[in-house]
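# A closer look at the structure
The primary structure of each chain is shown beneath.
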Amino acid sequence: MQLYFYNERFRNAIDQYTLTAEQLRFTGTPVNSVKLSNEDSDRDSILAFEGDELVTFFVLHRNEGIKPYSNNHNAILVRAFSTDFRHQGKGYAHQALMLLPDFVKEHYREINEIVLAVNLQNDAAQSLYQKCGYVDEGERRMGGKGELIIMSYHL
């Protein structure tokens, strides 16, 4: 698996990315996330490819993006994390999350913490994040899709 920053050569892969209604209860679409990233230099759309298949997508958000979730100015927020429906259950989300700390260390040298917000009702995602080393330190926030558990991975 390889992580890439989005650029226009990946447009077709983004357009083909499939999420179910159930997935959309908890996350945003890559098409919309790419649009937001193009409008905000603090957001980077990240694509996880297995071979030539886009299997997992997420956004890394710095500066203003992290403020609702952490007081750490050297933290980065993972948002809009998803796995293409056609590739769920194959371990790709886990692989992407395991690659993420080294990716962040390489491309965001000032960052010392990765933060994410997971919906309280999304038990599968909570379990995945815990298995990948993210810790629930007791922080909660209300989000647009319900109560959120704030989890951290300290680099």
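Look up: the structure comes first, before these words.
Residues numbered from 1 in each chain as written. Predicted model: local features only at pLDDT ≥ 70, side-chain atom pairs only at ≥ 80, totals over all residues. Heavy atoms only, no water.

### Things to note about the pattern of salt bridges
Inspection of the entire model under this criterion finds nine salt bridges. Linking D15 and R11 is a salt bridge whose minimum nitrogen-to-oxygen distance equals 3.5 Å. One end of the pair, D15, and the other, R11, are both in helix α1 (residues 11-16), four residues apart, so they sit about a helical turn from each other. Here D15 falls in the partly exposed class, since its relative accessible area comes to 44%. Residue classification places R11 among the partly exposed positions, given a relative accessible area of 26%. Here R140 makes a salt bridge to D136, at a shortest N to O gap of 2.9 Å. Residue R140 is classed as partly exposed on the basis of its relative accessible area, which comes to 33%. Exposure remark for D136: the relative accessible area of 32% places this residue in the partly exposed category. Each of E8, R11 and D15 takes part in salt bridges that share partners, so that together they form one network. (Salt bridge = Lys/Arg side-chain N within 4 Å of Asp/Glu carboxyl O. Helix = DSSP H or I, 4+ residues; strand = E, 2+ residues; numbered from the N terminus. Buried < 20%, exposed > 50% of the residue type's maximum accessible area, 1.4 Å probe, protein only.)

### Section: the packing of aromatic side chains
This model, assessed by the stated rule, comprises 10 aromatic pairs. Ring geometry for Y134 and Y153: centres 5.3 Å apart, planes at 50 degrees, overall tilted. Residue Y134 is located in the loop between α5 (123-131) and β6 (135-143), and its partner Y153 is located in strand β7 (residues 146-154); the two are separated by 19 residues in the primary sequence. Of the residues examined, Y153 reaches a relative accessible area of 23% and is grouped as partly exposed. Taken together, the ring pairs connect F58, F81, Y129, Y134 and Y153 into an aromatic cluster. When the ring centre of Y4 is taken as reference, the NZ or CZ atom of R9 above it lies at 5.7 Å. (Phe/Tyr/Trp six-rings, centres within 6.5 Å; stacked < 30°, edge-to-face > 60°. Lys NZ or Arg CZ within 6 Å of the ring centre and 35° of its normal.)

### Describing the pairing of strand β2 (residues 43-50)
For β2, a buried count of seven out of eight residues is recorded, marking the element as mostly surrounded by other parts of the structure. Two elements, strand β1 (residues 2-5) and β2, share four bridges in a ladder whose sense is antiparallel. Bridge pairing in β2 links L3 to A48. Here β2 folds back onto strand β3 (residues 53-61), and the loop between the two strands holds two residues, one of which, G51, carries a positive phi near 65 degrees. (Pairing = 2+ DSSP bridges.)

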